[in-house]
Number of protein chains: 4
Amino acid sequence: MNWQTQQTMINSEPHLKDVQNQEDTRDIDIQKVGINNLDVPIRIQRKNKTNQTVAAKVRMSVSLPRKYKGTHMSRFVEVLNLYRMKDFSSEDIQCLVSDIKKVLKAESANVKFSFQYFVEKKSPITKLSFPLAYDCSFEGDLNGEKYRFVLGVKVPIATLCPCSKEIAEFSAHNQRASVKLKVSFNQEKDKIWPEDLIEMIENCASVSLYAILKRSDEKYVTETAYNNPKFVEDILRDLVIKLRQDKRIESFETEIEAFESIHNHNAWAYQAEGI
Amino acid sequence: MNWQTQQTMINSEPHLKDVQNQEDTRDIDIQKVGINNLDVPIRIQRKNKTNQTVAAKVRMSVSLPRKYKGTHMSRFVEVLNLYRMKDFSSEDIQCLVSDIKKVLKAESANVKFSFQYFVEKKSPITKLSFPLAYDCSFEGDLNGEKYRFVLGVKVPIATLCPCSKEIAEFSAHNQRASVKLKVSFNQEKDKIWPEDLIEMIENCASVSLYAILKRSDEKYVTETAYNNPKFVEDILRDLVIKLRQDKRIESFETEIEAFESIHNHNAWAYQAEGI
Amino acid sequence: MNWQTQQTMINSEPHLKDVQNQEDTRDIDIQKVGINNLDVPIRIQRKNKTNQTVAAKVRMSVSLPRKYKGTHMSRFVEVLNLYRMKDFSSEDIQCLVSDIKKVLKAESANVKFSFQYFVEKKSPITKLSFPLAYDCSFEGDLNGEKYRFVLGVKVPIATLCPCSKEIAEFSAHNQRASVKLKVSFNQEKDKIWPEDLIEMIENCASVSLYAILKRSDEKYVTETAYNNPKFVEDILRDLVIKLRQDKRIESFETEIEAFESIHNHNAWAYQAEGI
Amino acid sequence: MNWQTQQTMINSEPHLKDVQNQEDTRDIDIQKVGINNLDVPIRIQRKNKTNQTVAAKVRMSVSLPRKYKGTHMSRFVEVLNLYRMKDFSSEDIQCLVSDIKKVLKAESANVKFSFQYFVEKKSPITKLSFPLAYDCSFEGDLNGEKYRFVLGVKVPIATLCPCSKEIAEFSAHNQRASVKLKVSFNQEKDKIWPEDLIEMIENCASVSLYAILKRSDEKYVTETAYNNPKFVEDILRDLVIKLRQDKRIESFETEIEAFESIHNHNAWAYQAEGI
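Residues numbered from 1 in each chain as written. Chains lettered and ligands numbered in written order. Predicted model: local features only at pLDDT ≥ 70, side-chain atom pairs only at ≥ 80, totals over all residues. Heavy atoms only, no water.

1. Describing helix H2 (residues 73-81) of chain D
Since the α-helix packs 3.6 residues into each turn, any two residues three or four apart lie on the same face. The criterion, for reference: Using a 1.4 Å probe on the protein chains alone, a residue whose accessible area is under 20% of its type maximum counts as buried, one over 50% counts as exposed, and one in between counts as partly exposed. Secondary structure follows DSSP: runs of H or I at least 4 residues long count as helices, runs of E at least 2 residues long count as strands, and numbering of each begins at the N terminus.
Extensive coverage of H2 of chain D is indicated by the burial of eight of its nine residues. Regarding H2 of chain D, the residues found buried are Ser74, Arg75, Phe76, Val77, Glu78, Val79, Leu80 and Asn81 of chain D.

Here it is in structure tokens:
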């Protein structure tokens, strides 16, 4: 952002009193203040070189020094407005968070985009293609000069219970489950796409999910899950192995929740490393 | 409600202008106006003669004749306040809705309570008991002198897919599902408890759900579901048969949604009769 | 859809038993059965001749005659798949629902798309533009040859309380509110865009909402709301007048909910006509 | 819990293979595994010496050493079952988490109860009483011998914008807001009730919320908010001052979100200290 654009945002309305700019005497530095739940459509780059328009929910915040009464909420939206029209990739979060820090004259700034992201997926036997939706998030945090990026995905999968398979004479209870994963990595030297994390997680499932399944696919999916029984503990461990092996990943946090078909409550497992 | 209580609510603050009572000239009768999403704890009677305190979300409304600008929102809460302390049963909805109609001087009134209701349930083999939570609703509608009561329940169950069982060499996909049911009946001559509808629905499932299952229970539940495969269509039809046979039920509306373990979308079926 | 495409969907896997096609003896016609909560990205046409990619949640269902055990869930997704790549407008819902009825060999079919839709909106004084998101829905119902289309929008607005303004020495409580509106009209002779309904509703508010407001805008919005106090009853009546006057609209259903800043519950009003 | 009760839970079904107890070779200690979203009614003690039945959502987990394949999910519910019938206070969380750690033979255990809690509240002028609902949580964490308790509340309040008041000729935008607060303290020497945190937060608002307000109350509430304008920053700072002054509180995390009546997004502020 050039200097002139910045000035326009900051000094625009001298005739109206700037209450936010008044002095505050309570002597309290605020860690994060800003806006939450702002809807914005953005066009983001995909691993396959195409792009996709998504509807993001955005949270943007800055630190606020003790001497100021308030931050300037409208400037967050004005800065974001400059980013709406371009192809957006997770790297642009760093520029955005840096612009916000500058325009709001803050020590630190944080931006989080959450959106539904579609990836085409072929059914296992008939190879019919239809997109599956995954919740994704990009979070950038700039504290002084220190930048940290966190990529998040939520992936629906199926789990089949090893205990139920063992003790029942036939069949086993199985269910839809959800895996949340957040990873941080150094964007200056590495690149990780949402597609990479989705694939990593789907490979840990009893079987993964599809939008279209013809009967031969359904047969395959049913039998695959039965041949691949997994507790939430198994999925967690298989995923942790992959995450530890991936040298790009500096830290991760993951959570598996299985919507047990035999209970109205869920099986749940959690692991965070490097945070 | 006695006459004096009513007057207290209605004429309480003569020194402040009653804007709601002003004349409106747009010539439009409003069908329903009131309050929504009010939280209130109520103690309700149970089928087993005990009672249970639940946290209800309440919607209360009246019709508003064309000549008045607005209804008096605070009076709904004042009337409800008189019902908080007593043991409440679905029959009390009729008195409440009648009091609201009177105090608000309306042609018609409608009240809906939605709450989570617990019923003790024993695991099938080890007989360990733990409550299961069901969403319930009581809705009363008084139009002139005509009263209609609707009882609603939402019951979590399991379904096991007959197609998957047939085509796979072993096992079958199964999942948690949810059945919503609303029935209307004549409260002056009949009584239907939430417990009755819950039992009716659970008897239509591949197998019902439990909070505690030891291994022998889990074996039973897994095998029972496999021996009892059902599409959402099957559950709907089995339920419709029971609903048509029950002479107390004047009308019903039901909806089954199965959270398919092979998809990220749901199988769904719907039927309404007598409405 | 051509005859060959249809046949491919229907007869594709003769070697695997078609359980759904088996005879059912319970003698119950099912009103609606299908899939719910399927995510799909679609590119829809806008009033300003551009288009917009949205992430829709889709429900699709058909009636099922008493003689069949089940419907074929995968065919819904296969039919929808043919519509994904084209520019989609609300008129295409009629073709889609007609194709579904044909492929599923049903008497009636119903399709509902729900999605977040963005419309650019300029702040009232500084004229800064940023999109605002509105929940929209397209619902098509084909019963035999009779087709009915319903367009839905949900619009966030502000309301300022006339009673509070009257009785307080200064100021008045105001709050965010939400207006839901569904209208049906004859698509063969008339066209109504989501943009039309949004504008109609925003014109009934105390003041409408914006994503960016600089101080001069905020001054305008604050004062406009105070000069334009409205109960939910007022918003409902002003909207009903517009809806009755619009000759294209055959029926409507509307609901206003104001998230009162003085309560933790909401003021609520409802009207349905012509349904 | 006595030794015999424990043994019953652990050794109950020798004839069925204990898959969870099998050896795991992946060499990964799991941090947390258990159940989530279990519904249970509990009767909890209140500050005013009465008690209240609430419907809690419960998450319970333990650590799992690398050598075991899985934890025993049913035992969590069995242990909880022993606590259902008694008057429950936040101190009982420590016994519960300790029993869970013992029965599951774990290094660490964690329990979280989330529930809606009602507190009677009198309108400011007419003194009409009606309960207001607050989301509360009790979380206990036992790591080896180290115990930590976290009390959480979510309190709805009203905020009135100081900037809008300053720049508008009359009135100011105001709205419902929500304050989340979690505090940890040493339960062996101190006691903090949900009521204490609720009062602390309501005292920081522009004005607090009520279920019943007659016109004289509404006048008071409207004028009080206008005389007490506050940004989310102001509420955060006023609350942080109180939290720092309270010597019982070892750490806190708080978040204010105001549902701006002029935007469809929210103003947001966050602070965590001592964590």
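Following the structure, the description resumes.
2. What to know about the interface of chain B and chain C
Rules: Here, residues are in contact when the closest pair of their heavy atoms is within 4.5 Å. When two parts are put together, the accessible area they lose, computed with a 1.4 Å probe and summed over both, is reported as buried area. Between Lys or Arg on one side and Asp or Glu on the other, a salt bridge is scored when a side-chain nitrogen of the former is within 4 Å of a carboxyl oxygen of the latter. Any N or O atom pair separated by 3.5 Å or less is treated as a polar contact, with the protein-specific requirement of one donor-capable and one acceptor-capable atom, and with residues adjacent in sequence counted only for side-chain atom pairs. Residues are grouped as follows: nonpolar covers Ala, Val, Leu, Ile, Met, Phe, Trp, Tyr, Cys and Pro; charged covers Asp, Glu, Lys and Arg; every other residue, Gly included, is treated as polar. When DSSP locates at least two bridges between a pair of strands, those strands are taken to pair.
The interface is formed by 55 residues belonging to chain B together with 55 residues belonging to chain C. Roughly 4500 Å² is buried in total at the junction of chain B and chain C, and carbon and sulfur atoms are behind 55% of that figure. On the chain B side of the contact with chain C, Ile28, Arg237 and Trp268 of chain B bury the most area, a combined 18% of that side's loss. For the pair chain B and chain C, the number of links is 10 salt bridges. Salt-bridge contacts for Asp24 of chain C lead to Arg237 of chain B; the nearest nitrogen and oxygen are separated by 3.5 Å. Taken together, the links from chain B to chain C amount to 31 residue pairs in polar contact (both at pLDDT 80 or more). Listing elements by their share of the side of chain B that touches chain C, those giving two or more residues are strand S1 (30-45), strand S2 (51-64), helix H2 (73-81), helix H4 (162-167), helix H7 (232-245) and strand S10 (266-273) of chain B. At 10 residues, S1 of chain B tops the list of elements feeding residues into the side of chain B that touches chain C. The residue inventory of the side of chain B that touches chain C, partitioned by class, reads 25 nonpolar, 12 polar and 18 charged. Pairing analysis gives five bridges linking S1 of chain B to strand S10 (residues 266-273) of chain C, with the strands arranged antiparallel. If you follow Gly34 of chain B over to S10 of chain C, its bridge partner there is Trp268 of chain C.

3. Considerations on the environment of Asp217 of chain D
Residue and element names in this part refer to chain D. Tracing the backbone through its elements, the reader meets Asp217 in helix H6 (residues 215-226). Separated by 109 residues in the primary sequence, Asp217 and Ser108 have C-alpha atoms spaced 51 Å apart. Not counting residues within four places of it along the chain, the set of residues in contact with Asp217 comprises Ser123, Pro124, Ile125 and Thr126. Here Ile125 takes part through its backbone nitrogen, which lies 2.7 Å from a polar atom of the side chain of Asp217.

4. Here's the deal with the relation of the copies chain D and chain A
Just so we agree on the cut-off: Residues reaching a pLDDT of at least 70 in both copies supply the C-alpha atoms on which the copies are superposed by least squares.
For these two chains of identical sequence, chain D goes onto chain A by a turn of 180° and a shift of 0.0 Å along the axis, with RMSD 0.0 Å. Accordingly, the operation relating the two chain copies is best matched by a two-fold axis. Ranked by how close their C-alpha atoms come to the rotation axis, the residues of chain D are headed by Ile275 of chain D, at 7.1 Å. Counting the interface residues of chain D, we find that 100% of their copies in chain A are interface residues as well, pointing to one common contact surface.

5. Details of unusual backbone geometry
Residue and element names in this part refer to chain D. With a phi close to 65°, Asp27 is a non-glycine residue in the positive phi region. As for its position among the elements, Asp27 is in the loop between helix H1 (3-10) and strand S1 (30-45). Given a relative accessible area of 46%, Asp27 falls into the partly exposed group. You will see that Ser171, though not glycine, has its phi angle at about 65°, which is positive. By secondary structure assignment, the location of Ser171 is in the loop between helix H4 (162-167) and strand S7 (174-185). Using a relative accessible area of 2% as the deciding quantity, one classes Ser171 as buried.

6. Describing the interface of chain D and chain A
Counting residues at the interface gives 55 residues for chain D, matched by 55 residues for chain A. The junction of chain D with chain A conceals about 4500 Å² of combined surface from both sides, 55% of it contributed by carbon and sulfur atoms. Of all residues in chain D, Ile28, Arg237 and Trp268 of chain D bury the most surface against chain A, accounting for 18% of the area lost on that side. At the boundary of chain D and chain A, one finds 10 salt bridges. Ionic pairing is found between Asp234 of chain D and Arg26 of chain A, a salt bridge with its closest N-O pair at 2.4 Å. Summed over the shared surface of chain D and chain A, the number is 32 residue pairs in polar contact (both at pLDDT 80 or more). For the side of chain D that touches chain A, the secondary structure elements donating two or more residues are S1, strand S2 (51-64), H2, H4, helix H7 (232-245) and strand S10 (266-273) of chain D. Considering each element in turn, the side of chain D that touches chain A owes the most residues, 10 residues, to S1 of chain D. Residue classes in the side of chain D that touches chain A are distributed as 25 nonpolar, 12 polar and 18 charged.

7. Regarding the packing of aromatic side chains
Note the threshold: Stacked, tilted and edge-to-face pairs are distinguished by plane angle, under 30 degrees for stacked and over 60 for edge-to-face with tilted covering the rest, among Phe, Tyr and Trp rings (Trp via its six-membered ring) whose centres lie within 6.5 Å.
Taken as a whole, this structure holds 32 aromatic pairs over all chains when the rule is applied. When the centroid spacing of 6.0 Å and the interplanar angle of 50° are considered together, the rings of Phe138 of chain B and Phe149 of chain B count as tilted. Of this pair, Phe138 of chain B sits in strand S5 (residues 129-143) while Phe149 of chain B sits in strand S6 (residues 146-160); the two residues are 11 residues apart in sequence, bridging distant segments of the chain. In terms of burial, Phe138 of chain B and Phe149 of chain B fall into one category: buried. Judged by centre distance (5.1 Å) and plane angle (75°), the ring pair of Phe115 of chain C and Phe138 of chain C falls under edge-to-face. Of this pair, Phe115 of chain C sits in strand S4 (residues 108-122) while Phe138 of chain C sits in strand S5 (residues 129-143), and the two are 23 residues apart along the sequence. Across the pair, exposure class does not vary: Phe115 of chain C and Phe138 of chain C are buried alike. A connected cluster of aromatic rings, assembled from ring pairs, spans Phe115, Tyr117, Phe138, Phe149 and Phe185 of chain A.

8. Notes on the environment of Ala177 of chain C
All names here are of chain C. When you line up the elements, Ala177 lands in strand S7 (residues 174-185). In this structure, the C-alpha to C-alpha distance between Ala177 and Val77, residues 100 residues apart in sequence, is 36 Å. Not counting the four nearest positions on each side in its chain, Ala177 is found in contact with Val155, Pro156, Ile157, Thr159, Glu257, Ala258 and Phe259.

9. A word on the pattern of salt bridges
Note on pairing: side chains with opposite charge can pair once their charged atoms come close. Going through the model one piece at a time under the given rule, you end up with 96 salt bridges over all chains. Ionic pairing is found between Glu139 of chain C and Arg59 of chain C, a salt bridge with its closest N-O pair at 3.8 Å. Separated by 80 residues along the polypeptide, Glu139 of chain C in strand S5 and Arg59 of chain C in strand S2 (residues 51-64) bring together distant segments of the chain. Assessed through its relative accessible area of 15%, Glu139 of chain C is described here as buried. A salt bridge links Asp39 of chain D to Lys57 of chain D, with the shortest nitrogen-to-oxygen separation between them at 2.7 Å. With Asp39 of chain D in strand S1 and Lys57 of chain D in strand S2, this residue pair connects regions lying 18 residues apart in the sequence. Exposure remark for Asp39 of chain D: the relative accessible area of 10% places this residue in the buried category. A cluster of three or more residues bridged by salt bridges with shared partners is formed by Asp24, Arg26 and Lys69 of chain A together with Lys230, Asp234, Arg237 and Asp238 of chain D.

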